Each structure stands twice: as C-alpha cells, then as structure tokens.
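Read off the chains here:
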Amino acid sequence: MLREEMAAAGIAEERLRVTEIETAEDAEQSDFPGSPTIRVDGRDVQPPGLEEPIGLTCRVYRRRDGRISPLPDREDIREALRRGRER
Amino acid sequence: MNEPGMAIGDKAPPLALPDTAGQVHELGESSPETTATVVYWTCNHCPYALAWHERMLDAARDYSDRGVRFLAVNSNDADRYPADSLEAMRERVGAEGGWPHPYLHDESQAVARSFGALKTPDVFVFDSGLTLRYRGAPDADHDDPSQGASWLREALDAVIEGREPERPESDPVGCSIKWR
C-alpha cells in the first residue's frame, strides 16, 4: 500500500527506508509504538496516542470510517506523503 | 514452545480457567443441552482480534439459543503486554457493558499450548462430544465486517445439524500469541 501511494505521488521507491525493530531496546531507542509504523520525514502517518506504549507489539489503527485495522488508512498515508512533498 | 496442536477429530484437551470475575470455567462442565462449544483466542491489543471482535460477540449472541457455548481465552504474556493483564481484561468487559460469554485468563499459557493456539483470533469449534470440528479464522477477511464470521457460522450450522463442516480448517489470521 505504501509503495503504491509513493508511486502514485511520484516518489521514487529508493527513498523508502525499511527498519526492522527486533528488540525492546531498539523499540525504546526508536520511540517505536508497534508494527507497522510508517513515518514520512520522521512524522508518523497516524501519530499514536499518549496511552499507546513503546514496544514490540502490533499497532491498532482506526480507519476514517471507524473500522479497526492493523494498517493505517490509505488516505492518511496519501495525506502524509502530500504534506512531505510540500515541506 | 507449543505442543504440536490439535487436528480435526481430536478430543479437546482439559481447560479450567478463571474469567474476569474470578469464576472458573471448565470444558467438561457443559450442560447436556450444549450442541457445540467454541473456544477462541483473543486479546485486548491485537488489531485483528479487535477487528473481528464484534463479529464474534454477534455470533455468540445469535447461537446462544441453539445451545452453543462460547469461551474466549487470552493467553498473552501480560508482563510484556500490560494491555492484556487480567485487570485490563476486566476493565474492557466492563467498559463494553459485558460480553455474552466468559473472557478467560490463561496466565500460564498452558491451555494455549495444549490446544496449539497460534494467533489472535484462533477459533476452535467442538461438537457436543468435544471433538474438534473446525479450526481457523472466523471468516475470510478481518477488514470486511459484512463477512459476519461466516466460516465459524457455517461450521456451527453443520455441527448442530450433525454434519461435517464443508470447510473444517482455515489458516488462523492475526497477531501471534505473545509467549513468555
């Protein structure tokens, strides 16, 4: 989904950096709230709430229509990419 | 790690676990009117389990008058995942106004291991003799509420009518159980 939206926005795939968070220490150092986390220029496409702990867990996303999902809403990714291009 | 897990046709292993009110539930205590028993793994923080949650509760309500007993089990390591502690389970059930079935705490993870449960959710359907008749996902797509736990319902309809489910197995889809 991310690659599709990057392509649609004209952003080269070479600009995608995938980081594997393997340990609790890695998670702490990266301020990692769970998998998957997608950041555009360092900003989370759907910033986690304060109650979401740092750690090796699954992210719980809420789609724009209210559904719970393991993935962010495609529109949130699109918007984040758009904002990133405008900066 | 896990035992090899159950195969279709196997008898259910023992299960005696406390719910969020401290009452212990056992598989063998089903009433003679019980036509089928559903044991499924779930938890508080997995997005797949949450996405399927209402569908599972709806199925439990819809089949309650057909003699089907539902038991939800949380086996996640609450030390590493506090959102899955017994206290958090209790708070969640309260915040949701109660569930139509018990939410059991498998603190030692022994029950998950004996069933060979892998994911949240992971659904096991037993007939009245506690023989496994279906194991897998509730339906084909966590992302589509209109699926309505159709695979689970098809299996229950078959078991209640004394037939073999046409789809006895599917791959459970979700987060892995968080082992100690």
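This is a predicted model, so every value here is computed, not measured.

Take the overall build of chain B next. Along chain B, the regular secondary structure elements total four helices and nine strands. Mapped in sequence order, the helices and strands of chain B form the string β-β-β-α-β-α-β-α-β-β-β-α-β. Taking 16 Å as the expected radius of gyration for a compact globule of 180 residues, we find that chain B reaches 15 Å, a close match to that expectation. Counting only C-alpha atoms, chain B reaches 40 × 35 × 30 Å along its principal axes. When burial is assessed residue by residue, chain B has 44% of its 180 residues classed as buried. For chain B, contacts bridging at least 24 residues in sequence account for 76% of all contacts bridging at least 6.

The next thing to look at is the interface of chain A and chain B. Residue-level contacts link nine residues of chain A with nine residues of chain B. A class-by-class count of the residues in the side of chain A that touches chain B yields five nonpolar, two polar and two charged.

To continue, consider unusual backbone geometry. A cis amide bond links Ser35 of chain A with the next residue in sequence, Pro36 of chain A, at an omega value of -10 degrees. The topology assignment puts Pro36 of chain A in the loop between α2 (24-30) and β1 (39-40). Here Thr120 of chain B and Pro121 of chain B are connected by a cis peptide whose omega angle stands at 0 degrees. Here Pro121 of chain B is to be found in the loop between β6 (119-120) and β7 (122-127).

In this section: the pairing of strand β8 (residues 132-136) of chain B. Residue and element names in this part refer to chain B. β8 sits mainly inside the fold: five of its five residues count as buried. Taken together, the four bridges between β7 and β8 define a ladder with antiparallel strand orientation. Bridging from a neighbouring strand, Val125 pairs with Tyr134 of β8.

Residue and element names in this part refer to chain B. Counting buried positions along strand β3 (residues 36-41) gives six out of six residues, so the element sits mostly inside the fold. Burial along β3 is two-sided: the face carrying Ala36, Val38 and Tyr40 and the face carrying Thr37, Val39 and Trp41 are both buried. Here β3 runs beside strand β4 (residues 68-74); their pairing, made up of six bridges, is parallel. Paired with Thr37 across the two strands is Arg69, which belongs to β4. Once the chain exits β3 it traverses helix α1 (residues 47-63) before rejoining the sheet at β4, and the crossover so formed is right-handed. Two strands pair when backbone bridges link them, and β3 and β7 are joined in this way by six bridges, in the antiparallel orientation. Counted as the bridge partner of Val38 is Val125 from β7.

Quick notes on the rules
- Residues numbered from 1 in each chain as written.
- Chains lettered and ligands numbered in written order.
- Predicted model: local features only at pLDDT ≥ 70, side-chain atom pairs only at ≥ 80, totals over all residues.
- Helix = DSSP H or I, 4+ residues; strand = E, 2+ residues; numbered from the N terminus.
- Rg over C-alpha atoms; globule rule 2.2 N^0.38 Å.
- Buried ≥ 20, exposed ≤ 12 C-beta atoms within 10 Å, placed from the backbone.
- Contact = placed C-beta atoms within 7 Å.
- Nonpolar A, V, L, I, M, F, W, Y, C, P; charged D, E, K, R; others polar.
- Pairing = 2+ DSSP bridges.
- Right-handed = clockwise from strand over helix to strand, strands pointing away.

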